[in-house]
Amino acid sequence: MTTRRMTLDDLKMVLDWAAAEGWNPGLDDAEAFYAADPDGFFLNEIDGQPVAAVSVVNHSESFAFLGLYIAAPDWRGQGHGIAVWDAGIAHAGARRIGLDGVPDQQANYAKSGFESSGKTTRYHGTLPKAEKPLARLATTADLDHLCAADKRACGADRPRFARAWFTNTATRKTVLLPGGDYATFRACREGVKIGPLVAQDAQAALALLSSLPEGLPTGSLYIDLPDTSSGLAELLIDRGFAPSFETARMYRPALTTRAQTPFYATATLELG
């Protein structure tokens, strides 16, 4: 068994594994994920066959985020994930590491020193697009503003990821309101995910939610909310959205305080 860093093509394969498990990744996630930290994606192989993977992306000198911890279906339950896990954790060094843990893995993460800091809930529903959306499509001239705003909103500096995430592609687009509030929409294997979303109040949040960019599919919308985002959760529930999935946000070492961000949605469970 060997452990090595992934190539971009390897990452695309692992995202296909994730899609098969119902994680519903974006159609264009791989390039933005990889840009965040090309050295932070690890793969285990047996005789050249990929069997397990993890990502531990170093966003800054003090913060990393763990995701994509997954084994190929035929190789599960055989201990192949431990070596790739250890490689990822070592890559983070002394940084605080965050993750969004699914229920059946939370006990294992706790054994590795991760402590729960709350939960993240995925909401699923539909919203009509406004006839005259108030938000405009972001441009490259907006990237500095968006990266700075992302740092304030999520509490972590992640410039490489943010710059790649907010650079529009055919399937991922960011919109801004005149006051600077913003949201990113990305086409996924099913429907469209919205995240991050940062708004000052319910009116701004609704304006962003109703500004689906041209070229993205209409229909199902998915949005991941930390439990500190009470205002946005209420807004979505009032409009018929329902919770469909839940994770625990966990950190090592523990995070004792979290910003209260009533109208905030997480960018992606894989990179935070």
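Keep in mind that what you see is a predicted model, and the values were worked out from it rather than measured. (Residues numbered from 1 in each chain as written. Predicted model: local features only at pLDDT ≥ 70, side-chain atom pairs only at ≥ 80, totals over all residues. Heavy atoms only, no water.)

A.B. asks: Help me understand the overall build of the chain, please; the structure alone is not making it clear to me.
C.D. replies: Each helix and strand counted, the chain has eight helices and 13 strands in total. For a compact globule of 272 residues, the expected C-alpha radius of gyration is about 19 Å, and the chain comes in at 18 Å, within 12% of that figure. Along the first, second and third principal axes, the C-alpha set of the chain runs to 55 × 40 × 35 Å. The buried share of the chain, reckoned over its 272 residues, is 54%. Expressed as a percentage of contacts within the chain between residues at least 6 apart in sequence, the contacts between residues at least 24 apart total 73%. When the accessible surface of the chain is summed, it comes to about 11900 Å², and 52% of that surface belongs to carbon and sulfur atoms. Of the side chains in the chain, 26 bear a positive and 32 a negative charge, and the two mean positions are spaced by 3 Å. (Helix = DSSP H or I, 4+ residues; strand = E, 2+ residues; numbered from the N terminus. Rg over C-alpha atoms; globule rule 2.2 N^0.38 Å. Buried < 20%, exposed > 50% of the residue type's maximum accessible area, 1.4 Å probe, protein only. Contact = heavy atoms within 4.5 Å. Areas by Shrake-Rupley, 256 points an atom, 1.4 Å probe, with all protein chains shown as cover. Lys, Arg positive; Asp, Glu negative; His and termini not counted. Charge placed at Lys NZ, Arg CZ, Asp CG, Glu CD.)

A.B. asks: What should I look at first to understand the packing of aromatic side chains in this one?
C.D. replies: Aromatic ring pairs are defined here through the distance separating the ring centres and the angle between the ring planes. Scanning the model with the defined rule gives 10 aromatic pairs in all. Plain terms: the ring middles of W85 and Y109 are 5.6 Å apart, the flat faces sit at 10° to each other, and that makes the pair stacked. Of this pair, W85 sits in helix α3 (residues 81-92) while Y109 is found in helix α4 (residues 106-111), placing the two residues 24 residues apart along the sequence. The same class applies to W85 and to Y109, which are both buried. Within the aromatic cluster, the residues linked to one another by ring pairs are Y69, W85, Y109 and F114. The ring of W165 is capped by R172, whose NZ or CZ atom sits 4.8 Å from the centre of that ring. (Phe/Tyr/Trp six-rings, centres within 6.5 Å; stacked < 30°, edge-to-face > 60°. Lys NZ or Arg CZ within 6 Å of the ring centre and 35° of its normal.)

A.B. asks: When you look at the pattern of salt bridges in this model, what are you seeing that I'm missing?
C.D. replies: Any two side chains of opposite charge can pair, given that their charged atoms come close. Counted according to the given criterion, the structure contains 14 salt bridges. Where R4 meets E45, a salt bridge forms, and the shortest distance between an N and an O atom there is 2.9 Å. Of this pair, R4 sits in strand β1 (residues 2-5) while E45 sits in strand β2 (residues 41-46), and the two are 41 residues apart along the sequence. Judged by relative accessible area, which is 28%, R4 ranks as partly exposed. Residue E45 is classed as buried on the basis of its relative accessible area, which comes to 11%. D144 serves as the salt-bridge partner of R163, at 3.1 Å between the closest nitrogen and oxygen. Of the two residues, R163 is situated in helix α6 (residues 159-165) and D144 in helix α5 (residues 143-154); the sequence distance between them amounts to 19 residues. Assessed through its relative accessible area of 37%, R163 is described here as partly exposed. Salt bridges linked by common partners bring R4, D10 and E45 together as one network. (Salt bridge = Lys/Arg side-chain N within 4 Å of Asp/Glu carboxyl O.)

A.B. asks: Any chance you could explain helix α7 (residues 202-209) here in plain terms?
C.D. replies: Count 3.6 residues to each turn of an α-helix, and residues three or four apart come out pointing the same way. Where α7 is concerned, the buried positions are A204, A205, A207, L208 and L209. Of the surrounding elements, those touching the buried residues of α7 are β8 (172-176), β9 (182-187), β10 (192-198), β11 (221-226) and α8 (230-238). At the N-terminal boundary of α7, the capping side chain belongs to D201, with an oxygen 3.3 Å from the backbone nitrogen of Q203. (Polar contact = N/O pair within 3.5 Å; in protein donor to acceptor, adjacent residues only side chain to side chain.)

A.B. asks: Explain the side chain of E45 here, please?
C.D. replies: A distance of 2.9 Å separates the side chain of E45 from the side chain of R4, its partner in a polar contact. With residues up to four places along the chain from it excluded, the contact list for E45 reads M1, T2, R4, P50 and V51.

A.B. asks: Looking at this structure, how should I read the pairing of β11?
C.D. replies: The two faces of the sheet receive side chains in turn, since in a regular strand these alternate between them. Taken across its six residues, β11 has six buried, putting it largely inside the fold. Because side chains alternate across β11, one face comprises the buried residues L221, I223 and L225, and the other comprises Y222, D224 and P226, equally buried. Two elements, strand β6 (residues 115-125) and β11, share six bridges in a ladder whose sense is antiparallel. The residue bridging H124 from the neighbouring strand is Y222, located in β11. Here β10 pairs with β11 via three bridges, running parallel. Bridge pairing in β11 places V192 opposite L221. One crossover worth recording links β10 to the parallel β11 by way of α7, and it is right-handed. (Pairing = 2+ DSSP bridges. Right-handed = clockwise from strand over helix to strand, strands pointing away.)

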